[in-house]
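# Per-entry structural report
If you want the building blocks of each chain, they are given just below.
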Amino acid sequence: MRRATIGIIGGSGLYRMEGMTDVEEVRVATPFGDPSDVITIGNFSGVPMAFLPRHGRGHSINPTEIPARANIWALKSLGVEWVIAVSAVGSLREEIAPRDLVIPDQIFDRTKSRVNGFFEGGLVVHCTFADPFCPELSNLLLDSARELGDVNVHAGGTYVCMEGPLFSTRAESNVYRKLGMDIIGMTALPEAKLAREAELCYATIACATDYDCWHESEESVTVQMVVNNLSANVANAQRILQSVAQKIPANRSHQTCGCADALATSIMTDRLQLPAPLKEKYSLLIGKYLS
Ligand SMILES: CSC[C@H]1O[C@H](OP(=O)(O)O)[C@H](O)[C@@H]1O
Ligand SMILES: Nc1ncnc2[nH]cnc12
């Protein structure tokens, strides 16, 4: 199967990558079921890249039902080391206007019904997650976003991940603002946790589409509002991706982020006691720590 080191997870409005050449669609089976859709592998800006739409190409998968474990596993199995997630978000700050971009640096978890990690059934792993986004990949995204010149870009910010699928109540939206959250969405988790467990560098381009429902002089968020602002946002995200693909190093040997070794000190279970079937199941993620 063809391989790629950069993986793009497309969110609402980004179901196909324009500008990819020499493409092949691959179906990847994983121990956690099927990914959201076929993965498109091809050349993008001269770089091998894998693209996966997290809601499926017809947007048929709601946030709670996204097979995030299968998605991350599938990308890892194709050789992906860098994952760039693209997401539509609501803004919880006056200064983050619809159509602005945010490269968030924190996440606050308000999900309720999701499986949060890969490891289970006798294998216990506790990864450090204080900084949920890879700082090095985030910086590259920021550089590329700023190069656009005609888009407002915000460096850092806390993404509160709600369960959905309904949007927030006004009380919730106001509480998130008081708690210091900056943007709101439904999909950063468990995706970011799984990327960390899979030792991938993971960062997000968050495209603001609305002011959620806290703003006194703006309409409360509707799908129509999100969709109206998305097409401009998605075009900008694609321009960033074209530029960042050129900046991402060919391998991670000089990285200082630690993402590539996230499991080195995180596996609690005595390796001598790990049953062979578990070792086999998880060899893609922990094989290098078993020899
Ligand atoms: C269509 S608005 C709500 C929807 O959009 C965001 O998804 P994504 O992060 O995949 O762009 C949000 O989290 C909701 O899933
Ligand atoms: N206001 C909002 N809340 C949750 N997810 C969103 N995605 C886009 N806008 C959103």
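Bear in mind that the values here come from a model prediction, so they are computed numbers and not experimental data.

Residues Ile-39, Phe-118, Phe-119, Leu-123, Tyr-282 and Ile-286 are the most contacted members of the largest nonpolar core, which totals 50 residues. Elements with a minimum of two residues in this core: strand E3 (39–44), strand E4 (47–53), helix H1 (68–77), strand E5 (82–91), strand E9 (158–162), helix H4 (191–197), strand E11 (201–210) and helix H7 (283–286). For this core, the element with the highest residue contribution is H1, accounting for five residues. What Phe-119 contacts, discounting residues up to four positions off in sequence, is Val-125, Glu-197, Leu-263, Tyr-282, Leu-285 and Ile-286.

As recorded in UniProt, the feature "binding site: phosphate" (unreviewed entry) lies at Ser-12, Arg-54, His-55, Ser-87, Ala-88 and Thr-187. Across 176 residues, the annotated set stays spatially compact, with a maximum C-alpha separation of 12.2 Å. Those annotated residues from the list above that line the largest pocket are Ser-12, Arg-54, His-55, Ser-87, Ala-88 and Thr-187. Note on placement: Ser-12 falls in the loop between strand E1 (6–10) and strand E2 (21–26). Overall, the relative accessible area of 21% leaves Ser-12 in the partly exposed class. Not counting chain neighbours up to four residues away, the residues in contact with Ser-12 comprise His-55, His-59, Ala-88, Leu-230 and Val-234. If you trace the backbone, His-55 turns up in the loop between E4 and H1.

Burial analysis of H1 places nine of its 10 residues in the buried class, the great majority of the element. Burial in H1 covers these residues: Ala-68, Arg-69, Ala-70, Asn-71, Ile-72, Trp-73, Ala-74, Leu-75 and Lys-76.

On to the site of ligand 2. Ligand 2 sits among Ala-88, Val-89, Gly-90, Met-162, Phe-167, Ile-184, Gly-185, Met-186, Thr-209, Asp-210, Asp-212 and Val-221. One of the backbone N or O atoms of Gly-90 is found 3.2 Å from a nitrogen atom in ligand 2. Relative to its free-state accessible area of 260 Å², ligand 2 is covered by the protein chains to the extent of 94%. For the shell around ligand 2, the secondary structure elements donating two or more residues are E5, strand E10 (183–185) and E11. A per-class count over the shell around ligand 2 returns seven nonpolar, three polar and two charged.

Close to ligand 1 lie Gly-11, Ser-12, Arg-54, His-55, Pro-63, Ser-87, Ala-88, Phe-167, Gly-185, Met-186, Thr-187 and Val-226, which account for all nearby residues. One of the backbone nitrogen or oxygen atoms of Met-186 is found 2.7 Å away from an oxygen atom of ligand 1. Between Thr-187 and ligand 1, the recorded distance is 2.5 Å, taken from a side-chain N or O atom to an oxygen atom. A total of 390 Å² of accessible area belongs to ligand 1 in isolation, and the protein chains cover 90% of it. A majority-of-atoms criterion places ligand 1 in the largest pocket. Of the residues in the shell around ligand 1, the class split is five nonpolar, six polar and one charged.

Our focus in this paragraph is the environment of Arg-3. Checked against the element boundaries, Arg-3 lands in the segment before E1. Given the relative accessible area of 55%, Arg-3 is considered exposed. Remark: the alpha-carbon pair of Arg-3 and Pro-104, spanning 101 residues in sequence, is separated by 28 Å. At 3.4 Å, the side chain of Arg-3 and the backbone oxygen of Ser-77 are in polar contact.

Turning our eyes to something else, we now look at the layout of surface pockets. Quantified by volume, the largest pocket comes out at close to 460 Å³. Lining of the largest pocket is provided by 27 residues; of these, Ser-12, Ala-88, Phe-167, Met-186 and Val-226 occupy positions nearest its centre. Looking at the lining of the largest pocket, the elements with two or more residues in it are E5, E10, E11 and helix H5 (223–247). Per-element tally for the lining of the largest pocket: the top contributor is E5, with five residues. A breakdown of the residues in the lining of the largest pocket according to their chemical character gives 14 nonpolar, 10 polar and three charged. Its boundaries defined by the atoms lining it, the second largest pocket holds a volume of some 210 Å³. Around the second largest pocket, the lining is made up of 15 residues, and of these Thr-128, Arg-196, Cys-257, Gly-258 and Cys-259 lie nearest the centre.

Of note, Glu-197 is situated in helix H4. Buried charge without a partner: Glu-197 forms no salt bridge, and the closest opposite charge is Arg-69, 7.3 Å away. Here the side chain of Glu-197 touches Phe-118 through a polar contact of 2.6 Å, landing on its backbone nitrogen. Excluding anything up to four places from it in sequence, Glu-197 contacts Gly-117, Phe-118, Phe-119, Cys-127, Leu-263 and Leu-285.

The rules we used
Residues numbered from 1 in each chain as written. Chains lettered and ligands numbered in written order. Predicted model: local features only at pLDDT ≥ 70, side-chain atom pairs only at ≥ 80, totals over all residues. Heavy atoms only, no water. Core = buried A, V, L, I, M, F, W, Y, C linked by side-chain atoms within 4.5 Å. Buried < 20%, exposed > 50% of the residue type's maximum accessible area, 1.4 Å probe, protein only. Helix = DSSP H or I, 4+ residues; strand = E, 2+ residues; numbered from the N terminus. Contact = heavy atoms within 4.5 Å. UniProt positions renumbered as here; feature names shortened; annotations may be inferred. 1 Å grid on protein atoms, 1.4 Å probe; cavity = no way out; pocket = protein on both sides within 12 Å on 5 of 7 lines; lining within 4 Å. Near = heavy atom within 4 Å. Polar contact = N/O pair within 3.5 Å; in protein donor to acceptor, adjacent residues only side chain to side chain. Areas by Shrake-Rupley, 256 points an atom, 1.4 Å probe, with all protein chains shown as cover. Nonpolar A, V, L, I, M, F, W, Y, C, P; charged D, E, K, R; others polar. Sits in = over half its atoms within 2 Å of the grid points. Points joined across faces, edges and corners; volume = space filled by probe spheres on them. Lys, Arg positive; Asp, Glu negative; His and termini not counted. Salt bridge = Lys/Arg side-chain N within 4 Å of Asp/Glu carboxyl O.

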